[in-house]
Amino acid sequence: MNSAAPPLESDFKIAGMTCASCVGRVERALAKVPGVQQVSVNLATETVRVRAAAAEPGAPIHARTEIGADEASLWQARLHRAVRDAGYEPVPLAQVADTDPALDRIWGVRRDFWPVLLAILLTLPLALPMVGKLWGQHWMLGPLWQFVLATPVQFVLGARFYRAGWYAVRAGSGNMELLVAIGTTAAWGMSTWLWWRAEPGAMVPLYYEAAAVIITLVLLGKWLEARAKRQTTSAIRALQALRPDVAHLLPDGVLREQMQDVPVAELLPGDRVLVRPGERLAADGVIVQGQTQIDESMLTGEPLPVLRREGDTVTGGSLNGDGAIELRVTAVGTQSVLQRIIALVQDAQAVKPPVQRQVDRVAAVFVPVVLLIALATFGLWWGWQQAPFEQALLAAVAVLVIACPCALGLATPTAIMAGTGVAAQHGILIKDPEALESARRVDTVAFDKTGTLTLGQPVLVHLLPADGVDAGAALQAAAALQRHSEHPLARAVLQAEQASAAASASAPRAETAVQASAVQAVPGRGCHGVVQGAALYLGSWDWLHGLGVELQGWQAQAEAWAAEGCSVSVLALRVGAVDEAVASLDPGAPKEPGLNGQGLKGPEPGQGRWQALALLAFADQPKPGSAQAITELRALGLQVLMISGDNQRAAEFMARRLGLKPEAGEVRAQVLPGDKARLVGELKAQGRVVAMVGDGVNDAPALAASDVGLAMSHAQGGSDVALHAAGITLMRGDPLLVAAALDISRRTVRKIRQNLFWAFIYNTVGIPLAALGLLSPVLAGAAMALSSVSVVSNALLLKRWKPPQR
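Rules used throughout
Residues numbered from 1 in each chain as written. Predicted model: local features only at pLDDT ≥ 70, side-chain atom pairs only at ≥ 80, totals over all residues. Heavy atoms only, no water. Helix = DSSP H or I, 4+ residues; strand = E, 2+ residues; numbered from the N terminus. Buried < 20%, exposed > 50% of the residue type's maximum accessible area, 1.4 Å probe, protein only. Contact = heavy atoms within 4.5 Å. Areas by Shrake-Rupley, 256 points an atom, 1.4 Å probe, with all protein chains shown as cover. Pairing = 2+ DSSP bridges. Patch = residues over 30% accessible without salt bridge, like charges linked within 9 Å, V, L, I, M, F, W, Y side chains within 5 Å. Salt bridge = Lys/Arg side-chain N within 4 Å of Asp/Glu carboxyl O. Core = buried A, V, L, I, M, F, W, Y, C linked by side-chain atoms within 4.5 Å. Axes fitted to C-alpha atoms, helices over the stretch in contact; angles between N-to-C directions. Parallel < 35°, antiparallel > 145°, perpendicular 65-115°, else oblique. Left-handed = near helix turned anticlockwise from the far one by under 90°. Polar contact = N/O pair within 3.5 Å; in protein donor to acceptor, adjacent residues only side chain to side chain. Expected span 1.5 Å × (residues − 1). pLDDT = per-residue confidence, 0-100. Phe/Tyr/Trp six-rings, centres within 6.5 Å; stacked < 30°, edge-to-face > 60°.

A. Just the overall build of the protein chain, in detail. Summing up its helical and strand segments, the protein chain has 26 helices and 28 strands in all. The buried share among the 806 residues of the protein chain stands at 50%. Taking all contacts inside the protein chain whose residues are at least 6 apart in sequence as the whole, residues at least 24 apart take part in 70%. Working note: accessible area of the protein chain is about 37300 Å², and carbon and sulfur atoms make up 58% of it.

B. Representation of the sheet that holds strand β15 (residues 325-331). Taking strand neighbours across the sheet as the criterion, the 6 strands line up as β8-β7-β9-β15-β10-β13 in an open arrangement whose pairing is antiparallel. The open sheet is flanked by β8 (260-263) and β13 (313-314), the only strands paired with a single partner. Relative to strand β9 (residues 272-275), strand β7 (residues 246-249) runs antiparallel, the two being bridged by 2 bridges. Directly across from L249, in β9, lies its bridge partner V273.

C. View of a nonpolar patch on the surface. A cluster of nonpolar residues, V765, L769, L772 and L774, forms a patch on the protein surface that exposes about 390 Å² of accessible area. As for its placement among the helices and strands, L769 is situated in helix α25 (residues 737-771).

D. Focus on the nonpolar core. Counting residues in hydrophobic clusters, the biggest one holds 48 residues, and the most contacted among them are I428, V445, L633, L710, I728, L730 and V738. Examining the composition of this core, we find that 10 residues originate from one element, α25, more than from any other.

E. Expanded view of the packing of helix α4 (residues 143-157) against helix α5 (residues 159-170). Where α4 meets α5, the closest approach of the two axes is 4 Å, and the angle between their N-to-C directions is 40°. In terms of their interaxial angle, α4 and α5 are classed as oblique. Residue-level contacts link Q154, F155, V156 and L157 of α4 to A159, R160 and Y162 of α5.

F. Representation of the pairing of strand β11 (residues 292-295) within the structure. Pairing of β11 with strand β12 (residues 306-308) involves 3 bridges; the strand directions are antiparallel. In the sheet register, Q293 faces β12, and the bridge partner there is L307. For β11 and strand β14 (residues 319-320), the ladder comprises 2 bridges, and the chain directions are antiparallel. Counted as the bridge partner of I294 is N320 from β14.

G. Structural view of the pattern of salt bridges. In the structure shown here, the tally under the stated rule is 10 salt bridges. Here R49 ties to D11 by a salt bridge, and the two come within 2.9 Å at their closest N and O atoms. Within this pair, whereas R49 is found in strand β3 (residues 47-52), its partner D11 is found in strand β1 (residues 8-15), the two being separated by 38 residues in sequence. Accessibility expressed as a relative area gives 32% for R49, which makes it partly exposed. Note that R747 is salt-bridged to D743, the shortest N-O span being 3.0 Å.

H. Main features of the environment of Q520. Tracing the chain through its elements places Q520 in strand β19 (residues 516-522). It is 9.8 Å that separates the C-alpha atoms of Q520 and Y537, two residues lying 17 residues apart in sequence.

I. Looking closely at the sheet that holds strand β22 (residues 567-575). Spatially, 6 strands are ordered β18-β23-β22-β21-β20-β19 in an open sheet, and the strand pairing comes out antiparallel. Because the sheet does not close on itself, it has two edges, and the strands there are β18 (459-465) and β19. On average, adjacent strands in this sheet sit at an angle of 20° to one another, irrespective of strand direction. As paired strands, strand β21 (residues 534-540) and β22 are joined by 6 bridges and run antiparallel to one another. When the bridges of β22 are listed, L538 appears paired with L571.

J. Looking closely at the packing of helix α15 (residues 471-482) against helix α16 (residues 488-503). Closest axis-to-axis distance for the α15/α16 pair is 9 Å, and the angle between their directions is 135°. Relative to α16, the element α15 lies oblique. Crossing of α15 against α16: the hand is left-handed. Of the residues in α16, those touching α15 at L475, Q476, A478, A479 and Q482 are A490, V493, L494, A496, E497 and S500.

K. Spatial organisation of the side chain of Q621. Within the secondary structure layout, Q621 lies in the loop between β23 (609-619) and α20 (626-635). By relative accessible area, Q621 is classed as buried at 18%. Within the structure, the side chain of Q621 is placed 3.1 Å from the side chain of R657, a separation counted as a polar contact. Q621 has contacts with T454, L455, V459, V461 and R657, leaving out every residue within four places of it along the chain.

L. Region of the structure containing α15. For α15, with 12 residues, the first-to-last C-alpha span of 17 Å sits near the 16 Å given by 1.5 Å per residue. By the burial criterion, the buried members of α15 are A474, L475, A477, A478, A479, A480, L481 and Q482. Looking at where α15 begins, the residue whose side-chain oxygen comes 3.1 Å from the main-chain nitrogen of G472 is D470.

M. Seen up close, the confidence of the model for the protein chain. Per-residue confidence for the protein chain gives a mean pLDDT of 76; residues scoring 70 or more make up 73%. Mean pLDDT per element in the protein chain: helix α19 (residues 580-585) is the minimum at 34, and β9 is the maximum at 93. Segment residues 1-5 is flagged for pLDDT under 50; beyond a separation of four residues in sequence, or across chains, it makes 5 contacts in the model. Taken as a whole, residues 348-353 scores under 50 in pLDDT and shows 19 contacts with residues more than four places along the chain or in a different chain.

N. Seen up close, the packing of aromatic side chains. Enumeration over the complete set of coordinates arrives at 11 aromatic pairs. With a centroid separation of 6.2 Å and 75° between ring planes, the pair formed by F147 and Y208 is classed as edge-to-face. One end of the pair, F147, is in helix α4; the other, Y208, is in helix α7 (residues 208-240), with 61 residues separating them in the sequence. Overall, the relative accessible area of 24% leaves F147 in the partly exposed class. Ring geometry for F155 versus W188: centroids 4.8 Å apart, planes at 90°, classification edge-to-face. Here W188 lies in helix α6 (residues 176-197) and F155 lies in helix α4, a separation of 33 residues in the sequence.

O. The arrangement of unusual backbone geometry in detail. With a phi angle near 55°, A518 is a residue other than glycine that sits in the positive phi range. By the element assignment, A518 lies in strand β19. Using a relative accessible area of 16% as the deciding quantity, one classes A518 as buried. One non-glycine residue with positive phi stands out, namely Q532, at about 50°. With respect to the helices and strands, Q532 occurs in the loop between β20 (526-531) and β21. Of the residues examined, Q532 reaches a relative accessible area of 70% and is grouped as exposed.

P. Molecular detail of α5. Helix length check: α5, at 12 residues, gives a terminal C-alpha distance of 17 Å against a target of 16 Å (1.5 Å per residue), a fit within 8%. Remark: G172 follows α5 within two positions and exhibits a positive phi of approximately 75°.

Q. Examining the environment of P115 more closely. Positionally, P115 belongs in helix α3 (residues 114-132). Sequence spacing of P115 and L220 is 105 residues, and the spatial spacing of their C-alpha atoms is 9.1 Å. Among residues more than four places away in sequence, those in contact with P115 are L157 and L219.

Following this line, the structure appears as structure tokens:
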């Protein structure tokens, strides 16, 4: 029996979407195309993914819901036509430029900010006289100048609102743009009508400034929203940047006789590629020759490089260390780990802001209701009350003016501006409005361990010297071997030496510090060299044990440290003196007989003797404020848990140092990137509202899948991806900022809801008064302006916020 044909998918970009109602309109339009089964519109990336079932070969064309392979191009055209008919511009992904057009500048100003800037310049002369009236100054411009300044703002810079509003009307719905267009057109039209009817030289109330101010402020809010959407798309670009552009394809002895550099996109499973030291792996694969230290923080989040030998599986995008390896490709394209992480981020970012959805739903009903009320007001005054046409029209216009959506349009952006501004002053960057709305409901905070609760870099935590060996001398010898290395463990040894010297007030100068010569690195194992005439080896337990160093007496201690998550190294002395091979590398070394002609390569089995000098243990350390941060979050009534890729014993050891309770389920160990996102999903499925705190590339899917993603900025490579994927970025790697970020987010959402309440209450109270003739258009305009002032003033109260003090 033949298996079902795989479904067809189409991904393309959609230009012109501005809010959640646009997303709904596009989804409805695409869902009507025959064969479409699923539509997912991503407002953050302005892209859509459409899925249809593929028809079986030979199936009848009539009355079927599947798409045949030969009809795929026609289906694509229908999808694009449906989007265009809905009022938006479909753009194939191949035609999307790699560069951000918003980065283009004209005279030093961003291109996309120019409409906002022009609106501000044209509106200021209209708005300043309103301020002057408060001090008894009369700076009001003449009607002609008001008309000249307000008209381009209304119909040129505000044309986008008319277009979007018209498409909403055609679709039988309403949106924010339609409210803006109706309200500002009512104010502009009323002003023009009164000016046209006025006697020459007569003073008449005009509302041009109200229309211009509304358009300007809403344009500013839309510009800020567009910036936030662009920032979310940078996460995908940061992930894609991990993959190199070129791979070194090795000869196969049949079609290729020599190595070739080919684009990574051309790699196929089974290809053999060369990865040089310091390069990123081009694809997932298995090492077939060589060994090296690989930085897999992109995958595991752990800071220590991992030794990989022949037969080990490695992941594309990881950073190769100091050894060249040959790799057999096992997965490419969408099947690779990196591409799956990218897909997780894309899927998790397909969200819709809840508050904006609510506003759009209300707006869809609010607009026709206001129009009906205005028409009813005009009919009752003119027909039933037998009022003059002018009086009836003024009452209807008063209804439209008092219902002006200025405050409704300002409610969300002003609160976001104020909240994000004061947060940025304290090192909290809020980029995702979704995070603001979800933060108030958070009841669970999940921390990634490495780089978030811990320093994210190895530290020398233990140094156990052998009997009769001075610990300080052993540390100086180890530092001498590592003095010119960039390996993370080498930096840890040098930092420990500096700290020891500073504590003893005898910090060695560069020219007097113990130096090593003839130093050679052994990829994936360690290094060896000559220090004060002695041949010293510093490296992994397995390497030194394999060379013949007797380590039985330290076995228990090494296992205990390993259980705590430590990486164990051994410092050993090759007993004997430096021979001719050593002397040729280090002419100043004393000539002592004895390395049996082996130089610094190590002894042959049964030849020479070794002496273990010291056992060194390296481990990550908690950040200074981690324990206090966990205490503060608990004081807020939040449940805290730690997610780690370490083994269970090591994770629990670190958790107890941080004040967490493993027995209470506050530790999740041996968790990989896909499992982190799945774990977040499980917590959400239990009804919890989850805030995820992370810092590495491997945290990006979990950050994007959580209700609130918080990324910590630090100097470790790969953190940019986490910063872009999260809605909130902590610009300092301080865990104490987590509670502060949740607090300002909650306060900002509270201001948004307060602003929306006042925006609607003005309309709820003002519309009946205007319909009854108790509110003239002048007072209606003043009430509208007051609603805007109250909304902005309420939002500005956020500037007085300060983060919780220690």
